Structures are given as structure tokens and as C-alpha cells.
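# Residue-level structural notes
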Amino acid sequence: MESALQNALASLSGQLDFQAPEMRSMIAAFHEQMERGLRGEPSSLKMLPTFTDNPSGREKGDILALDLGGTNFRVLRVRLTGDGREPGITGGKFKLATEHVARTGEELFGAIARFIRQFMEAQGLRGTYPLGFTFSFPIRQQALRRGELIVWTKGWTASGVEGRDVVALLELALEKQGVAGVRVVSLNNDTTGTQVARAYFDPACDAGCILGTGTNVCYRESVSRLGEAPLGYNREAMIINMESGNFNQKLPRHRHDAALDACSENPGAQWEEKMVGGRYLGELVRLAAADWIGRGLLFGGRRPGPLSERDLWSSEAVSALLAAPPDEAPARLAGLGVPGAGPDDAAAVREIGRLFVRRAARIAAAVLSATMTRIDPGLERAHTVAVDGSLFEKMPGFRAFMAEAFSGLFGVRADRIAPVLTHDGSGLGAAIIAAAAEAENIA
Ligand code: BGC
């Protein structure tokens, strides 16, 4: 490899490094922002009450769940027995098109209601079913079944939804579609759903985390530590949705982060998410590669399509390239639409990907470390963190980088934080939350 390219890689590695001392200052800032958010003071962490606590594991019923907030939208029927047995889950996955997420709320909720109707017809469901609604965006809840969308994230822009109660919008759409057999009984974020799904079987689970298209963490907090007591809620602990993707202090930011933010739908917001989330990782790698292409360091100055244009390089491409053995990287790049890469070009693009993935995993680990040390400052006991999302599940190296970061921070106590894949937990969690709400309404 030419020395100019080698030097560029070494310098990028330094810029994207994030070691235990810097993580510790980020963790301190995170704790401070948590406190402020809980007191209702201005903070980059929204610290949103969810009106939900961990389940008892005895919740039961025949429940519907909606899971909205990623590329796919899911409708599930969940049968919970409440006696430790695996829930029976049948479900349909529907792909949302750009017009659903980017035009009007009416079109979005209209499409959802149509899918629900189709699902119920296909399953032959008659009668009335309680429904739990996972909505994977920041919602300000005033009650378990009421919450306004604060602001769209992850590039969604459907108009007429921000500031509105999403349960009311769903109910209205269901009514218009003539779907009578559904009662929306609860609303939750995907992090909360994921935590609840795992905690149903595992009482040591006290946090939920998404590392996918977007990123966020929730955890179990004592109600006495909230600035304001949530009206009508009488349990001692509540899950708090931090909206940690919006955290913006002491992050190892690079000029490519600033460039990405400036071109995004929501400049100035979701800084942590823009350094970690799968929606952005590909573009960060592309920005770095395009910079070097422009400086003649890569591809002999040629401008290979997907690496030269905004948003054409996805985190899936980064993942595919990292999964290929190094000597197959040029062929893998060609398969990804970048033909004619020499071994050095391919090795460098691969390494850029690895460096951004390493940084993302370390930031994610720092956020979880801050969360767990808030709950248990000395890590005296074992904690499960329920995690879902494609980065955690599939990105080569991601989990190992996280584990390394925990070790660097906590030494032998690192294994007190156990992130566990809770695949598709948010739909199941929504059903469990709805079942708990039903039981409480009947009691
Ligand atoms: C949203 C969160 C969500 C996360 C993961 C973020 O963009 O603001 O509410 O939990 O994505 O889906």
C-alpha cells in the first residue's frame, strides 16, 4: 500500500479512536444529561415516561401488536399463557413505501389500517382484540394509551403527525377502514417493547436497546427520582425512554459527522444516532472514501458510482465488505457496484468501514455503560440489556468491539453487563404491555 494511503488510514484511525478515558468523560456528561432530563430541564436526553414497568411474567391473553418504525411494518397476533411457556406468535410483515413515510400522516395511518384489516381477514379474526402499538419514535406520553409524536427521526417526514396523538390517529384510520374489532390499549417505543419482551422471562433485564436503522436506550428508573410524578401511575418503577440517539456531548465527532448532519432531514438533532445508526454508517464511510478519492488517494482519482454520490452506500454494503475475507474484498466491492478496485483500494475502503464500525460500537457501549452505572454505580449485580437491531445482530465485529469497550471500562466486572439479542422483541413486548393493561383495567 502506498505510504500516502497508509498515512491517511493511520490518521483516520486516530481521529475515530475512542478510548476508555474519553468514554469516561462522555459517561459523566451522559449522567448529567440524564439528571437534567429527569428533572424536566433542557437536556439532549428527553427521558420520556412510558407509563410501563417490567412485566411479572404472568401476563396472558390473545393480543394484537403493531410494530412501526423501521423499513418493515409488522402486525402480530400473540398468544400469551402467563406460565413461562413460549408465546405463540403469528404475524405479517408489510413493506412501507416512500409515499407512506414521506407524504402525509393520513396516507401513513391509512396504509397501516388497511394492512391490519387484511391481516385480520387473512387470519379469520372475528370478535374484538386488544392491541399494543409499538411506535419507534420519540413520543410524549400522558398515559399508557396516549402520546404525541415529538419529532420524526430516521428520515421519516409524513406531515400532520408531529404534535399529534398517534393512538388517536390510528383509531381514526381504523374507523375509516371499517376495522371494528380492535381496541388500542397501549402505546410504547421499540426500546421499551424489547426490554419488556426479554424481562417477561428474565427478571435481571433492566434496560432495552435498539442498534439498527436508528438507535436508542431505555431503562428501569425509580419513580421517586422523576422530577414530576406521572399522573395516574402507581407503581414504584417505570421504564424511561431516554431517546439517547439525540445525545450530543463529548462525542468523538469528525468533520464527516458535521457534513452528514448538515445534509440530513434534521440538522442539529440526533448526533449520537448519526454516529451509530445503520441509516447513517454507510454514508459516513462513503464521505471518508469520497474525500480520499477526491484527493487522488483511492481508485486513481476515478469516481466509482456508489462511493461518489450521497446516500448510495449503505451500512449493508459496509457489512458485506467486512464479512468478505480481505483477499476477496475487490470482488466483493465489484458485487456492490464498485468495479475495478485494486487490492489497496479495496483494503482501504474495508478499513474505513471497520474504523467507523469500531467507533459506533464503542459509543454504543459507552451509552449502555452510562445507563447501567446509573442503575447500579458499582456494578454490584448482573444486568441483562435486551438488544435488537441489525447492527448488533449482523454487523461484523460490532459485538466484539462493544465487549472490548466494556472490558476497558470495567475490567473483571465487564461481564455484569450482558447485552442479549432479543430478536423482534418490540412486537412481543407491545403485546405483553397490552396484556398487562387489560389485566389492570379488569382488576
Ligand atoms: C427514535 C427512537 C427509536 C430508535 C430506534 C430513533 O430514531 O427516535 O424512538 O427507539 O430510533 O428505532
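This text goes with the structure placed above it.
Residues numbered from 1 in each chain as written. Predicted model: local features only at pLDDT ≥ 70, side-chain atom pairs only at ≥ 80, totals over all residues. Heavy atoms only, no water.

## Quick word on the overall build of the protein
When helices and strands are counted, the protein shows 16 helices and 13 strands. In terms of overall size, the protein behaves like a compact globule, its C-alpha atoms giving a radius of gyration of 22 Å where 443 residues would be expected to give roughly 22 Å. Projected onto its principal axes, the C-alpha coordinates of the protein cover approximately 70 × 50 × 40 Å. A fraction of 71% describes how many contacts in the protein between residues 6 or more apart in sequence connect residues 24 or more apart. Both charge centroids of the protein, one from 49 positive and one from 52 negative side chains, sit 1 Å from each other. (Helix = DSSP H or I, 4+ residues; strand = E, 2+ residues; numbered from the N terminus. Rg over C-alpha atoms; globule rule 2.2 N^0.38 Å. Contact = heavy atoms within 4.5 Å. Lys, Arg positive; Asp, Glu negative; His and termini not counted. Charge placed at Lys NZ, Arg CZ, Asp CG, Glu CD.)

## A closer look at the packing of helix H13 (residues 343-375) against helix H15 (residues 398-410)
Across the interface, H13 lies against H15 with an axial gap of 8 Å and an inter-helix angle of 50°. Classified by the angle their axes make, H13 and H15 are oblique. With respect to the hand of their crossing, H13 and H15 are arranged in right-handed fashion. Here Arg354, Val357, Arg358, Ala360, Ala361, Arg362, Ala364, Ala365, Leu368, Ser369 and Thr373 of H13 lie close against H15, whose contacting residues are Phe398, Phe401, Met402, Glu404, Ala405, Phe406, Leu409 and Phe410. (Axes fitted to C-alpha atoms, helices over the stretch in contact; angles between N-to-C directions. Parallel < 35°, antiparallel > 145°, perpendicular 65-115°, else oblique. Left-handed = near helix turned anticlockwise from the far one by under 90°.)

## Concerning the nonpolar core
Counting residues in each nonpolar core, the largest one holds 106 residues, and the members touching the most others are Leu211, Phe398 and Met402. Tallying contributions element by element places H13 first for this core, with 17 residues. Aside from chain neighbours lying at most four places away, what touches Leu211 is Val276, Ala364, Val387, Asp388, Gly389, Ser390, Leu391, Phe392, Phe398 and Met402. Judged by nonpolar contacts, the second largest core, of 39 residues, contains Ala113, Ile116, Leu125 and Ala158. (Core = buried A, V, L, I, M, F, W, Y, C linked by side-chain atoms within 4.5 Å. Buried < 20%, exposed > 50% of the residue type's maximum accessible area, 1.4 Å probe, protein only.)

## Things to note about the layout of surface pockets
As a volume, the second largest pocket reaches approximately 620 Å³. Looking at the second largest pocket, it is lined by 28 residues, and the ones nearest its centre are Phe51, Leu144, Ala436, Ala437 and Glu440. Contributions of two or more residues to the lining of the second largest pocket are made by strand S6 (139-143) and helix H16 (425-442). Of all the elements, H16 adds the most residues to the lining of the second largest pocket, at eight residues. (1 Å grid on protein atoms, 1.4 Å probe; cavity = no way out; pocket = protein on both sides within 12 Å on 5 of 7 lines; lining within 4 Å. Points joined across faces, edges and corners; volume = space filled by probe spheres on them.)

## Regarding the pattern of salt bridges
What the rule picks out here adds up to 32 salt bridges. The shortest N-O distance in the salt bridge between Arg235 and Asp53 comes to 3.4 Å. One end of the pair, Arg235, is in the loop between strand S10 (215-222) and strand S11 (237-241); the other, Asp53, is in the loop between strand S1 (48-49) and strand S2 (61-68), with 182 residues separating them in the sequence. Note on Asp53: relative accessible area 8%, which makes it buried. Among the ionic contacts, a cluster of salt bridges with common partners joins Glu35, Arg39, Glu41, Glu221, Arg225 and Arg374. (Salt bridge = Lys/Arg side-chain N within 4 Å of Asp/Glu carboxyl O.)

## Points about unusual backbone geometry
The backbone of Met47 sits at a positive phi, close to 50°, despite the residue not being glycine. With respect to the element layout, Met47 can be found in the loop between helix H2 (20-39) and S1. Of note in this structure, Glu243 is not a glycine but carries a positive phi near 55°. Inspection of the secondary structure puts Glu243 in the loop between S11 and helix H7 (255-262).

## Structural notes on the site of the ligand
Every one of the 14 residues lining the ligand counts as a neighbour, but Thr153, Lys154, Asp190, Glu243 and Glu273 are closest to it. One of the side-chain N or O atoms of Asn216 is found 3.0 Å from an oxygen atom in the ligand. For the ligand, the accessible surface in isolation is 310 Å², of which the surrounding protein chains cover 98%. Looking at the shell around the ligand residue by residue, the classes come out as three nonpolar, seven polar and four charged. (Near = heavy atom within 4 Å. Polar contact = N/O pair within 3.5 Å; in protein donor to acceptor, adjacent residues only side chain to side chain. Areas by Shrake-Rupley, 256 points an atom, 1.4 Å probe, with all protein chains shown as cover. Nonpolar A, V, L, I, M, F, W, Y, C, P; charged D, E, K, R; others polar.)

## Notes on the pairing of strand S9 (residues 205-211)
When a strand is regular, its side chains alternate between the sheet's two faces. In terms of residue burial, S9 counts as a mostly covered element, since seven of its seven residues are buried. Bridging between S9 and strand S12 (residues 383-388) involves five bridges; their strand directions are parallel. Paired with Cys209 across the strands is Val387, a residue of S12. Summarising the sheet, S9 and S10 pair through five bridges and their orientation is antiparallel. Among the inter-strand pairings, Ala207 is bridged to a residue of S10, identified as Tyr219. Counted along the chain from S9 to the antiparallel partner S10, the turn is three residues long. (Pairing = 2+ DSSP bridges.)

## Notes on the sheet that holds S9
Reading across from one edge, S1-S11-S10-S9-S12-S13 is the order of the six strands in this open sheet, with mixed pairing throughout. At either margin of the open sheet sits one strand with a lone partner, and together these are S1 and strand S13 (417-421). Its contacts with the sheet put helix H6 (residues 190-199) on S9, S10, S11, S12 and S13, and the angle it makes with S9 is roughly 135°.

## Some thoughts on the environment of Glu393
Looking at the secondary structure, you find Glu393 in helix H14 (residues 390-394). Sequence-distant contacts of Glu393, that is, excluding residues within four places in its chain, are made with Arg399, Leu421 and His423.

## Re the pairing of S6
As paired elements, S6 and strand S7 (residues 146-149) share four bridges and run antiparallel to each other. Bridge assignment links Ile139 to a residue of S7, and that residue is Leu149. Where S6 hands over to S7, the hairpin turn is made up of two residues, counted between the paired strands.

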